[in-house]
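These are the residues of each chain, in order.
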Amino acid sequence: GAVVSQHPSRVICKSGTSVKIECRSLDFQATTMFWYRQFPKQSLMLMATSNEGSKATYEQGVEKDKFLINHASLTLSTLTVTSAHPEDSSFYICSARADYTDTQYFGPGTRLTVL
Amino acid sequence: AQTVTQSQPEMSVQEAETVTLSCTYDTSESDYYLFWYKQPPSRQMILVIRQEAYKQQNATENRFSVNFQKAAKSFSLKISDSQLGDAAMYFCAYSLSYNTDKLIFGTGTRLQVFP
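**Q** Before we move on, could you go through the state of the cysteines and cite the residues and values that matter?
**A** Following the criterion strictly, the structure yields 2 disulfides over all chains and no others. The partner cysteine of C23(A) in its disulfide is C94(A), sulfur to sulfur 2.0 Å. The chirality of the disulfide connecting C23(A) with C94(A) is right-handed, given an S-S dihedral of about 80 degrees. Remark: C94(A) occurs in strand 9 (residues 90-97) and C23(A) occurs in strand 3 (residues 19-25); sequence separation between them is 71 residues. Exposure remark for C23(A): the relative accessible area of 0% places this residue in the buried category. With a relative accessible area of 0%, C94(A) lands in the buried category. One disulfide in the model links C23(B) with C92(B); its S-S distance is 2.0 Å. Note on the C23(B) and C92(B) pair: the S-S dihedral is about -70 degrees, so by sign convention the disulfide is left-handed.

**Q** Give a description of the interface of chain B and chain A that names residues and reports values.
**A** By a frequent convention, interface size equals the accessible area lost on bringing the separate parts together. Of the residues lining the interface, 19 residues belong to chain B; the matching set on chain A comes to 21 residues. In total, about 1,700 Å² of surface goes out of reach between chain B and chain A, with carbon and sulfur atoms giving 47% of it. In this assembly, chain B and chain A are joined by 1 salt bridge. Residue E59(A) pairs with K102(B) through a salt bridge whose shortest N-O separation is 3.0 Å. Here chain B is connected to chain A by 7 residue pairs in polar contact (both at pLDDT 80 or more). For the side of chain B that touches chain A, the elements supplying multiple residues, two or more each, are strand 5 (33-39), strand 6 (46-52) and strand 11 (103-105) of chain B. Per-element tally for the side of chain B that touches chain A: the top contributor is strand 5 of chain B, with 4 residues.

Rules and cut-offs
- Residues numbered from 1 in each chain as written.
- Chains lettered and ligands numbered in written order.
- Predicted model: local features only at pLDDT ≥ 70, side-chain atom pairs only at ≥ 80, totals over all residues.
- Heavy atoms only, no water.
- Disulfide = S-S within 2.5 Å.
- Helix = DSSP H or I, 4+ residues; strand = E, 2+ residues; numbered from the N terminus.
- Buried < 20%, exposed > 50% of the residue type's maximum accessible area, 1.4 Å probe, protein only.
- Contact = heavy atoms within 4.5 Å.
- Buried area = accessible area lost by both parts, 1.4 Å probe.
- Salt bridge = Lys/Arg side-chain N within 4 Å of Asp/Glu carboxyl O.
- Polar contact = N/O pair within 3.5 Å; in protein donor to acceptor, adjacent residues only side chain to side chain.

Encoded structure:
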């Protein structure tokens, strides 16, 4: 089956620092990847859609200068949280849509804690 | 705008019994996809079942089946012969078309399974 990995699984950082999260499709190519954010006991909210070789499309209310997304290859997308603050603490989940299907496969998520 | 509503924050079922989780959605589109995702305590999102709106036949996957009522915009999930491993958060999700650009999630239903 289609497998998506995320790294790191957990990260703790100081306020003001930047954190990069990687999302990889391990056994398929993904032209499109998605980044979601999930607060405790809440649903997933789409932050942005990442397309290989082009700029990401951000959802309304998501600061593109704060959440930098790079989709440099068909198997890798990165999310960088710049100048992180405690309110950015959350669970970040990526998903990838395999080019041969219309189903999204999710990564295991990254828990970000900003002190 | 499309919305997805799950009116049952929590449900419980006894092992081996059947439970139905409800989901309604709002859209003006005629062609779309509907999904049920499971999120166990590990937080890994797992696709349970999907339904194409143009198909009248309800999707089934082993013990999981849906009751898709397009006119009523209803998409319920039935879990038969419930197992302890079915305990999780279940999210109903909507996607507009084959070229999936985003998943819109409901707020989720927490399912508890009692022995």
